[in-house]
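The chain contents come next:
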Amino acid sequence: TVGKPIICKAAVCWGAGQPLKVEEVEVAPPNANEVRIKILYTGICHTDEYTRSGKDPEGLFPVILGHEGGGVVESVGEGVTSVSVGDHVIPLYTAECRECKFCKSGKTNLCGKVRTTQGQGLMPDSTSRFMCKGQPIHHFMGTSTFSQYTVVAEVSVVAVNKSAPLEKVCLLGCGITTAWGAVVKQQGIKGSNVAVFGCGAIGLGVLSTASVVGASRIIAVDTNPGKESWARKMGATEFVNPTTLPEGKRIQDYLVEITDGGLDFTFDATGNVHVMRTALESCHKGWGVSTIIGVAAAGQEISTRPFQLVTGRTWRGTAFGGVKGRTELPGLVEDYLQGKLKIDEYVTHHRKFAEINDGFHDMHGGDCIRCVVDM
Ligand code: NAD
Ligand code: AHE
Ligand code: ZN
């Protein structure tokens, strides 16, 4: 049977820097190897704001943003075998086809199957499933969860345990999984000293996971003093506000001093390239490893003295925490259900779909960790 288009509401961003507008859109049925999902909840991640604002070099407009969603499969295209109608699912901006060079390498979670068209805001056949006011609207990150219905590639979706509340596990679509993977995919964090720059959802998730795996000192760094109690609640053993250091004292020098030579592991969860440099230079000579998680604006570049690397520090980065979504997300949902993984703690704000722009404002407030939108 051939599916029919669905008319529903979606938050469309018509141009860089513009607020979202909830519009009536037409969502085409899924083609072969595609899945149409009724999105029930979505988080708002800083990366949605980054693209909305026009800072993303890959940003395209008009677009339906959103990549941290949870929903129910409404229909599937020909050939779809891994999910069925009625399944509770999480869309994945990092696909997992299990057959491309990347997937087969065993070295990375960066699947190559749909990434090119995904970056062009299109489905794998180079067309869009969204129409609004007579024109096609771009997809975003292969997920577009700011729509009541969305279409994704089968390789970009995973079914999870139906007993898990989607208004919580939707956050596994990005923030919490990214933070978890950034820590657990690295050897040696148990017993080590760690510093985390930026205590948003990502940074808090990193320090929480570092605490769970048994890091010894966990130093949280944030310019917002309001983040101290958050950081300590999630597992930080210390909190440093770089703006309160004595005049002329650089944060990297301070951290190197108080840790007898520097950190074993540091993480940037700010997206600020100066902070990224600081995080690298806070690492211990000979072995310190700094991981970039934050996403920087178009035109921004990182720099440091090469001597920092010559003398044994490693600079690396991670997307979606190095997690292979179809293989690993069901297990993370089970961990959550068994109380081994925190999610509820991150949800500080709730919004109705009509108030999605207020959710973006919440994010700028400094007291919002994650806002979950009820679609
Ligand atoms: P957020 O805005 O909630 O958190 C950022 C935190 O950094 C805030 O608490 C802020 O006060 C703090 N901060 C800002 N400037 C600082 C400075 N100079 N020194 C110390 N702290 C500072 O954002 P988030 O949702 O937690 O996301 C963090 C970053 O991670 C963003 O850049 C986002 O785009 C990126 N991200 C990357 C991935 C990935 O797969 N690599 C996944 C999700 C998010
Ligand atoms: N489009 C930007 C880069 C954006 C970026 O790095 N995205 C992360 C996920 S952020 C989730 O909140 C990512 O997964 N990157 C790997 C990928 O393949 O996009 C730019 O600079 O062009
Ligand atoms: Zn995100």
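Everything quoted here is computed from the prediction, not taken from an experiment. (Residues numbered from 1 in each chain as written. Chains lettered and ligands numbered in written order. Predicted model: local features only at pLDDT ≥ 70, side-chain atom pairs only at ≥ 80, totals over all residues.)

K.L.:
Please explain the sheet that holds strand β1 (residues 6-12) as it appears in this structure.
P.N.:
Each strand in a sheet pairs with its neighbour through backbone hydrogen bonds, running either in the same direction (parallel) or in the opposite one (antiparallel). With antiparallel pairing, 4 strands are arranged side by side in an open sheet as β1-β2-β6-β7. Only two strands of the sheet have a single neighbouring strand rather than two, namely β1 and β7 (135-137). In this sheet, neighbouring strand axes are inclined to one another by 45° on average, regardless of whether the strands run parallel or antiparallel. (Pairing = 2+ DSSP bridges. Helix = DSSP H or I, 4+ residues; strand = E, 2+ residues; numbered from the N terminus. Axes fitted to C-alpha atoms, helices over the stretch in contact; angles between N-to-C directions.)

K.L.:
What exactly am I supposed to notice about the sheet that holds strand β13 (residues 265-268) here?
P.N.:
Reading across from one edge, β12-β11-β10-β13-β14-β15 is the order of the 6 strands in this open sheet, with parallel pairing throughout. Pairing within the sheet leaves two strands with one partner each, and these edge strands are β12 (238-240) and β15 (314-317). The average undirected angle you get between the axes of adjacent strands in this sheet is 20°. Direction of pairing for β13 relative to strand β14 (residues 289-292): parallel, over a ladder of 4 bridges. Across the sheet, residue Thr266 finds its bridge partner in β14, namely Ser290.

K.L.:
Whenever I open this one, helix α9 (residues 273-281) confuses me. Can you help?
P.N.:
Within an α-helix, residues lying three or four positions from one another point in the same direction, as the helix has 3.6 residues per turn. The set of residues buried in α9 consists of Val275, Met276, Thr278, Ala279, Leu280 and Glu281. Elements in contact with the buried residues of α9: β10 (193-197), α8 (251-258), β13, β14, α10 (307-310) and β15. (Buried ≥ 20, exposed ≤ 12 C-beta atoms within 10 Å, placed from the backbone. Contact = placed C-beta atoms within 7 Å.)

K.L.:
Even after reading the chapter, I still don't get helix α11 (residues 325-337), so can you show me in this structure?
P.N.:
In a regular helix each residue adds 1.5 Å, so 13 residues correspond to 18 Å; α11 covers 18 Å between its end C-alpha atoms and thus fits that length. Residues Gly325, Arg326, Glu328, Leu329, Leu332, Val333 and Tyr336 constitute the buried set of α11. Buried residues along α11 cover an arc of 165° about the axis, so they all sit on one side. (Expected span 1.5 Å × (residues − 1). Arc of directions from axis to C-beta.)

K.L.:
Quick question: what am I supposed to make of the site of ligand 1 here?
P.N.:
If you check the shell around ligand 1, you find 31 residues, and the closest are His46, Gly198, Gly200, Ile202 and Gly271. Elements supplying a minimum of two residues to the shell around ligand 1: α1 (46-53), α5 (175-184) and α6 (201-213). Residues from two domains meet in the shell around ligand 1; each of domain 1 (6-176 + 322-374) and domain 2 (186-317) gives at least three. (Near = placed C-beta within 6 Å. Domains from an automatic or database assignment.)

K.L.:
Mind showing me how you'd approach unusual backbone geometry here?
P.N.:
Backbone phi values are negative for most residues with the exception of glycine, while trans is the configuration of most peptide bonds. In the segment running from Phe61 into Pro62, the intervening peptide bond is cis, with an omega of -10°. Along the chain, the position of Pro62 falls in the loop between α1 and β4 (69-76). Phi angles above zero are rare outside glycine, and Arg98 is one such case at about 70°. Tracing the sequence through the fold places Arg98 in the loop between β5 (88-91) and α2 (101-105). Of the residues examined, Arg98 has 13 C-beta atoms within 10 Å and is grouped as partly exposed.

K.L.:
Any chance you could explain the site of ligand 2 here in plain terms?
P.N.:
In the vicinity of ligand 2, the residues found are Cys45, Thr47, Asp56, Pro57, Glu58, Thr94, Leu110, Arg115, Cys174, Val295, Ala319 and Phe320. Among the residues forming the shell around ligand 2, the class breakdown is 7 nonpolar, 2 polar and 3 charged. (Nonpolar A, V, L, I, M, F, W, Y, C, P; charged D, E, K, R; others polar.)

K.L.:
I keep staring at the UniProt feature "domain: Alcohol dehydrogenase-like N-terminal" (unreviewed entry) in the protein and nothing clicks. Help me out?
P.N.:
As recorded in UniProt, the sites labelled "domain: Alcohol dehydrogenase-like N-terminal" (unreviewed entry) are residues 32-160. The distance from the first to the last C-alpha atom of residues 32-160 is 22 Å, and the span holds 14% helix and 28% strand. (UniProt positions renumbered as here; feature names shortened; annotations may be inferred.)

K.L.:
What's the story with the packing of α5 against α6 in this structure? I'm lost.
P.N.:
Geometry of a packed helix pair, given as the angle between the helix axes and the separation of the axes. Running from amino to carboxyl end, α5 crosses α6 at an angle of 45°, the nearest separation of the two axes being 8 Å. Taken together, the axes of α5 and α6 are oblique relative to one another. The two elements α5 and α6 meet at a crossing, and its hand is right-handed. Each of Gly175, Ile176, Thr178, Ala179, Trp180, Ala182, Val183 and Val184 in α5 lies in contact with α6, whose residues at this interface are Ala201, Ile202, Gly205, Val206, Thr209, Ala210 and Val213. For the contact of α5 with α6, the class distribution of residues is 11 nonpolar, 4 polar and no charged. (Parallel < 35°, antiparallel > 145°, perpendicular 65-115°, else oblique. Left-handed = near helix turned anticlockwise from the far one by under 90°.)

K.L.:
Honestly, the UniProt feature "domain: Alcohol dehydrogenase-like C-terminal" (unreviewed entry) in the protein in this entry has me stumped. Any pointers?
P.N.:
Sequence positions flagged by UniProt for "domain: Alcohol dehydrogenase-like C-terminal" (unreviewed entry) are, in local numbering, residues 201-333. Strand forms 15% of residues 201-333 and helix 38%; the C-alpha atoms that close the span are 18 Å apart.

K.L.:
Explanation requested: the nonpolar core in the structure shown.
P.N.:
Counting 107 residues, the largest nonpolar core has Ile64, Val169, Val196, Val206 and Leu207 as the members making the most contacts within it. Of the domains in this structure, domain 1 (6-176 + 322-374) and domain 2 (186-317) are the two that each give at least three residues to this core. (Core = buried A, V, L, I, M, F, W, Y, C linked by C-beta atoms within 7 Å.)

K.L.:
Which parts of the structure should I look at to understand the pairing of strand β11 (residues 217-221)?
P.N.:
Side chains on a regular strand alternate between the two faces of the sheet. In terms of burial, β11 is a largely internal element, 4 of the 5 residues being buried. Sheet topology places β10 next to β11; 5 bridges connect them, and they run parallel. From the neighbouring strand, Phe197 faces β11, where its bridge partner is Val221. Crossover handedness for the path β10 to α6 to β11: right-handed. Between the parallel elements β11 and β12, the chain passes through helix α7 (residues 227-234) in a crossover that is right-handed. (Right-handed = clockwise from strand over helix to strand, strands pointing away.)

K.L.:
What is the right way to look at the domain arrangement of the protein in this model?
P.N.:
A common way to report how large an interface is uses the accessible area buried once the components associate. Domains assigned within the protein are domain 1 (6-176 + 322-374) and domain 2 (186-317). On a C-alpha basis, the centroid separation for the pair domain 1 and domain 2 is 29 Å. With 14 residues of domain 1 at the contact, the number on the domain 2 side is 11 residues. Of all the secondary-structure elements, those providing two or more residues to the side of domain 1 that touches domain 2 are α1 and α5. Ranked by residue count, the leading element in the side of domain 1 that touches domain 2 is α1, at 3 residues. Across the side of domain 1 that touches domain 2, the residue classes break down as 5 nonpolar, 4 polar and 5 charged.

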